[in-house]
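Listed below, chain by chain, are the residues.
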Amino acid sequence: MPTSDYKYGSNTQTDHFNSLQSLSLAVIYGRRSARTFLDSRHKNAPNRLDVKCAPLLFLTNLRRFSKAKVVSFFLGLTLTFLIMASYTLMLEKKRLPLISAPFWPSLPVIPTSKSTGEVSTEESLMSKELLVKIISSIQKHKPRRVPDKKEVTETDSNLFSVIPPQFLPNIKSPCWYEEVSGEVRADPYKKNRFCLRSKSFRNTCDRLGASFHQHLSHKDGKQFRLRCLPYFYIIGQPKCGTTDLFHRLLMHPEVKFNSIKEPHWWTRKRFGYIRFKDGFQERFPLQDYLDLFDLASHNIQEEISGNSSVNQEAIHIITGEASASTMWDNQAWSYLHGAEHETEPYLLVQDFIHTVQPDAKILIMLRDPVERLYSDYLYFILANKSVEDFHHRVKESIQLFQVCLSERSLRSCVYNTSLYNIMPVRLHLGLYFLFVLDWLSVFRRDQILVLRLEDYANNFKETIKKVFNFLKVGPLSVHLEAALTKRPMSNTRRAQDRNLGPMLPATRSLLSKFHQPFNYELARLLNSKAFLWKGS
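Residues numbered from 1 in each chain as written. Predicted model: local features only at pLDDT ≥ 70, side-chain atom pairs only at ≥ 80, totals over all residues. Heavy atoms only, no water.

Under an unreviewed UniProt entry, the name given to the protein chain is Sulfotransferase, and the source organism is Oryzias sinensis. The Sequence similarities (unreviewed entry) field of the UniProt record for the protein chain holds the comment "Belongs to the sulfotransferase 1 family." (UniProt positions renumbered as here; feature names shortened; annotations may be inferred.)

### Let's talk about the confidence of the model for the protein chain
Across the protein chain, the average pLDDT comes to 78, with 71% of residues at 70 or higher. In the model, residues 1–65 has pLDDT below 50 throughout and makes 115 contacts with residues more than four positions away in sequence or in other chains. Of the regions scoring below 50 in pLDDT, residues 87–126 engages in 69 contacts with residues more than four places distant in sequence or in other chains. (pLDDT = per-residue confidence, 0-100. Contact = heavy atoms within 4.5 Å.)

### Description of the packing of helix 23 (residues 460–471) against helix 24 (residues 478–486)
Contact geometry for helix 23 and helix 24: axes closest at 11 Å, N-to-C directions at 120 degrees. Crossing geometry of helix 23 relative to helix 24 is assigned as right-handed. Between helix 23, through Phe 460, Lys 461, Ile 464 and Phe 468, and helix 24, the contact on the second element is made entirely by Glu 481, Leu 484 and Thr 485. Considered class by class, the residues forming the contact of helix 23 with helix 24 number 4 nonpolar, 1 polar and 2 charged. (Axes fitted to C-alpha atoms, helices over the stretch in contact; angles between N-to-C directions. Helix = DSSP H or I, 4+ residues; strand = E, 2+ residues; numbered from the N terminus. Left-handed = near helix turned anticlockwise from the far one by under 90°. Nonpolar A, V, L, I, M, F, W, Y, C, P; charged D, E, K, R; others polar.)

### Considering the pattern of salt bridges
Taken as a whole and judged by the stated rule, the model has 27 salt bridges. For Arg 193, the salt bridge identified is with Glu 282, shortest N-O distance 3.2 Å. Remark: Glu 282 occurs in the loop between helix 12 (265–269) and helix 13 (286–291) and Arg 193 occurs in helix 9 (residues 193–197); sequence separation between them is 89 residues. Residue Glu 282 is classed as partly exposed on the basis of its relative accessible area of 24%. Measuring nitrogen to oxygen at the nearest pair gives 2.7 Å for the salt bridge that ties Asp 329 to Arg 268. Taken as a pair, Asp 329 in the loop between strand 5 (320–321) and helix 15 (331–337) and Arg 268 in helix 12 lie far apart in primary sequence, 61 residues in all. When its relative accessible area of 1% is taken as the criterion, Arg 268 is described as buried. Each of Glu 178, Arg 225, Arg 227, Asp 291 and Asp 294 takes part in salt bridges that share partners, so that together they form one network. (Salt bridge = Lys/Arg side-chain N within 4 Å of Asp/Glu carboxyl O. Buried < 20%, exposed > 50% of the residue type's maximum accessible area, 1.4 Å probe, protein only.)

### Let's talk about the sheet that holds strand 1 (residues 175–179)
Strands sit in the order 1-3-2 across an open sheet of 3 strands; the sheet is antiparallel. The sheet terminates laterally at strand 1 and strand 2 (217–219), the two strands that pair on one side only. Averaged over all neighbouring strand pairs, the angle between strand axes comes to 40 degrees, with direction disregarded. Note: strand 1 against strand 3 (residues 222–228), 5 bridges, orientation antiparallel. (Pairing = 2+ DSSP bridges.)

### Re the sheet that holds strand 5
The 4 strands lie next to each other as 5-4-6-7, forming an open sheet whose pairing is parallel. One side of each edge strand has no neighbouring strand; the edge strands of this open sheet are strand 5 and strand 7 (448–452). Pairing between strand 4 (residues 232–236) and strand 5: 2 bridges, direction parallel. Of the residues in strand 5, the one forming a bridge with Tyr 233 is Glu 321.

### Re the packing of aromatic side chains
Both the distance between ring centres and the angle between the ring planes are used here to describe each pair of aromatic rings. Within the structure shown, the criterion is met by 22 aromatic pairs. Centre to centre, the rings of Phe 232 and Phe 257 are 5.9 Å apart; their planes meet at 85 degrees, and the pair counts as edge-to-face. With Phe 232 in strand 4 and Phe 257 in the loop between helix 11 (242–249) and helix 12, this pair connects stretches of sequence that are 25 residues apart. Each member of the pair, Phe 232 together with Phe 257, is buried. Here Tyr 374 and Tyr 377 contribute two aromatic rings whose centre-to-centre distance is 6.5 Å and whose plane-to-plane angle is 15 degrees, an arrangement assigned as stacked. Taken together, the residues span about one helical turn, with Tyr 374 and Tyr 377 both in helix 17 (residues 369–380) at a distance of 3 residues. (Phe/Tyr/Trp six-rings, centres within 6.5 Å; stacked < 30°, edge-to-face > 60°.)

Right under this line is the structure:
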């Protein structure tokens, strides 16, 4: 995923995060500031990750409080314990656990040994309050209302007037014929915005344009071009191996791509957004997007023209795209509709894809969300990176998410554009279960293949075979299979980022606890313990 397509906050120093702890969140959410489980430092305490002699510091600070405050503190602690206990007993009594027995989570205890990073007693206790809030939000989470076809089609009349309701038979890819107008006949790619903004694709457009007329079909004195949509979509998540999978699939003779891996058309460019912080720019028409798949269209047309038995033998060439924003990015809805549907998007990207392609194949690559976030940070933050900076950004992001959960539903917080714009790291992209659940609201389970990067890296041959079977493409020759296996990994971590080393143990502990309830829900949804990522 190119850096230009990603919005991050500016690279601030440690002082920024210290000052944020005391900043009133009323500026963000229009209400009085809320004390969160991370806001546990004394105002004059130095900003240090390792808290030495935590019990002694706790007792020293305790003497400064009045008896009333001490009593209030322990009453709050008791109330938190009672809520957790009643919640557990209620689930046991009704025998309706939030997650099935094999995946039942235990409340995490923050390690206090020096080898794993020390955390203050107050932070450890208060983190359970957040965990209860997260579990409660998951329990209250309801499946989204799926809009009917009419509701979807009325929002984009051009999209559904260009793409026909039925595709050509005996062709594996979703293709149809489109009449060629005089302007297109002269230079079909002259105004294509992808060609104008991508030097590499401009070269591809030049090659396609040179052979364009050779791939036209003639009927009743008219000329037609073959148009195709992707047969499959690699929809996410970022930093989960989608780039490497894309380039390896290119090596299969039945798979034809153009040079743009991530057009981001469904999520951004069809609405006129490239980087949301830059505001509205210009829309990329549907025709420009369809041009991206003309390489596959030309190959299919060649087989149609040279194959007299095409009506009896299906043409197996397929194409696809791999925009890592497709799974999660619905920000354009907020920009276009403002406060009309402020709480959450009324329509999601998958509603449009499913309406035009109800049989589309969906590929999802995931990894341990803790490691995904760190990789995301290292890749997109370009200056002043450190493990301490990452730790501060994680704490701030969890604070913001916690405040949002106190006012909104889980889905609203996950899709909240304002929250996304102020988060220092993309924490919500690791809440996989909600995104997968929403894609399953429109696509059948057998249309979605969910892979783990850990399996892809450790057992590549078996995993890529699973992908080929899912896409229903033929086996590779011995020579191609060897080349596929030996190909170097794409988009690996930069040397300077590797020198930073792993994240701090305290950061890992914090993120693991935060993601644990969501991982359990994902494991239940996909019926696989592998998605618990217990090794993190």
